[in-house]
Amino acid sequence: MDTPEVIERFRRTGALLEGHFVLTSGLHSTGYLQCALVLQHPSEAEPLGRALAERFAGTRVETVAAPAIGGIIIGWEVARALGARSIWTEREDGRMTLRRGFIVRPGESVLVVEDVVTTGGSTRETIEALREAGALVVGAGSIIDRSGGRADVGVARAALATLDVPTHAPATCPLCAAGVPAVKPGSRIAEGSRP
Ligand SMILES: [Zn+2]
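To start, this report covers the structure provided alongside it. Bear in mind that the values here come from a model prediction, so they are computed numbers and not experimental data.

### What about the overall build of the protein?
A count of helices and strands for the protein gives seven helices and nine strands. For 195 residues, the compact-globule formula gives about 16 Å, and the C-alpha radius of gyration of the protein, at 17 Å, lands near that figure. With respect to the principal axes defined by its C-alpha atoms, the protein has extents near 55 × 35 × 30 Å. Counting over 195 residues, the protein shows a buried share of 46%. Across the protein, contacts joining residues at least 24 apart in sequence account for 62% of those joining residues at least 6 apart. Side-chain charges of the protein comprise 21 positive and 22 negative groups, with the mean position of each set lying 1 Å from the other.

### Considering the packing of helix α1 (residues 3–12) against helix α3 (residues 42–54)
Across the interface, α1 lies against α3 with an axial gap of 11 Å and an inter-helix angle of 165 degrees. Regarding the angle of α1 to α3, the classification is roughly antiparallel. The chirality of how α1 crosses α3 is left-handed. Where α1 abuts α3, its residues V6, R9 and R12 lie against S43, E44, P47 and L48. For the contact of α1 with α3, the class distribution of residues is three nonpolar, one polar and three charged.

### Comments concerning the pattern of salt bridges
In total, this model carries 15 salt bridges according to the counting rule given. Between R9 and E44 there is a salt bridge, and its shortest N-O distance comes to 2.7 Å. Placement of the pair is R9 in helix α1 and E44 in helix α3, with a sequence separation of 35 residues. Residue classification places R9 among the buried positions, given a relative accessible area of 11%. Its salt-bridge partner being R60, residue E62 comes within 3.2 Å of it at the nearest N-O pair. Using a relative accessible area of 22% as the deciding quantity, one classes E62 as partly exposed. A single salt-bridge network, built from bridges that share partners, covers E5, R9, R12 and E44.

### A short note on the pairing of strand β2 (residues 28–33)
As paired strands, strand β1 (residues 16–22) and β2 are joined by five bridges and run antiparallel to one another. Bridging from a neighbouring strand, E18 pairs with G31 of β2. Where β1 hands over to β2, the hairpin turn is made up of five residues, of which G26 adopts a positive phi near 95 degrees. Here β2 runs beside strand β9 (residues 167–168); their pairing, made up of two bridges, is antiparallel. Across the sheet, H28 pairs through a bridge with H168, a residue of β9.

### Details of the packing of aromatic side chains
For the coordinates displayed, the defined rule picks out two aromatic pairs. Taking the centre distance of 5.9 Å and the plane angle of 45 degrees together, the rings of F21 and Y32 count as tilted. Taken together, the residues F21 in strand β1 and Y32 in strand β2 connect sequence positions eleven residues apart. Each member of the pair F21 and Y32 is classed as buried. Between W88 and F102, the aromatic rings sit 5.0 Å apart at their centres with planes inclined by 80 degrees, giving edge-to-face as the arrangement. Linking W88 in strand β4 (residues 85–92) with F102 in the loop between β5 (95–98) and β6 (109–117), this pair joins segments that are 14 residues apart in sequence.

Rules behind the numbers
- Residues numbered from 1 in each chain as written.
- Predicted model: local features only at pLDDT ≥ 70, side-chain atom pairs only at ≥ 80, totals over all residues.
- Heavy atoms only, no water.
- Helix = DSSP H or I, 4+ residues; strand = E, 2+ residues; numbered from the N terminus.
- Rg over C-alpha atoms; globule rule 2.2 N^0.38 Å.
- Buried < 20%, exposed > 50% of the residue type's maximum accessible area, 1.4 Å probe, protein only.
- Contact = heavy atoms within 4.5 Å.
- Lys, Arg positive; Asp, Glu negative; His and termini not counted.
- Charge placed at Lys NZ, Arg CZ, Asp CG, Glu CD.
- Axes fitted to C-alpha atoms, helices over the stretch in contact; angles between N-to-C directions.
- Parallel < 35°, antiparallel > 145°, perpendicular 65-115°, else oblique.
- Left-handed = near helix turned anticlockwise from the far one by under 90°.
- Nonpolar A, V, L, I, M, F, W, Y, C, P; charged D, E, K, R; others polar.
- Salt bridge = Lys/Arg side-chain N within 4 Å of Asp/Glu carboxyl O.
- Pairing = 2+ DSSP bridges.
- Phe/Tyr/Trp six-rings, centres within 6.5 Å; stacked < 30°, edge-to-face > 60°.

Such coordinate-based values are descriptive only and should not be taken to indicate function.
In structure tokens:
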């Protein structure tokens, strides 16, 4: 599965959004890939997970770990394809951690999976939490790499689609200059997509 096929899956499920968006980084963008809208369909999530799992075919993976919430579904599907266990990390007092009774044994081979890598920040935090728990982190995968391949998380990394999305600081954003209201994709857009 290559970048055009992944984008087509997003387009046909309405997950490729065009407009004026405020990203988590504070930068503005004219496009946004809302992974939840493609992953709401098991018929899309399963092949995406299988394709991402194939990128780690030569790697021993006992467990897939994903940062919540965005990584949980794709992490589960990658784990299914690899015959691995699926767990997730979440923030507690701002710090990424394993909760809900999830444990890893010392030296357990863990693959970190998330939906989108932008700077690699949440993947790095997840890797740190797993290493502190004693795991051996063997790689990191995502559906989308929005860093143009530049994000460095310190382990072998793979993505199904690598994009270099143009972003603007609010002060130099052409859509702001044109008076177009900006939206945060996580909130209003997602609500608008409810059936
Ligand atoms: Zn703007």
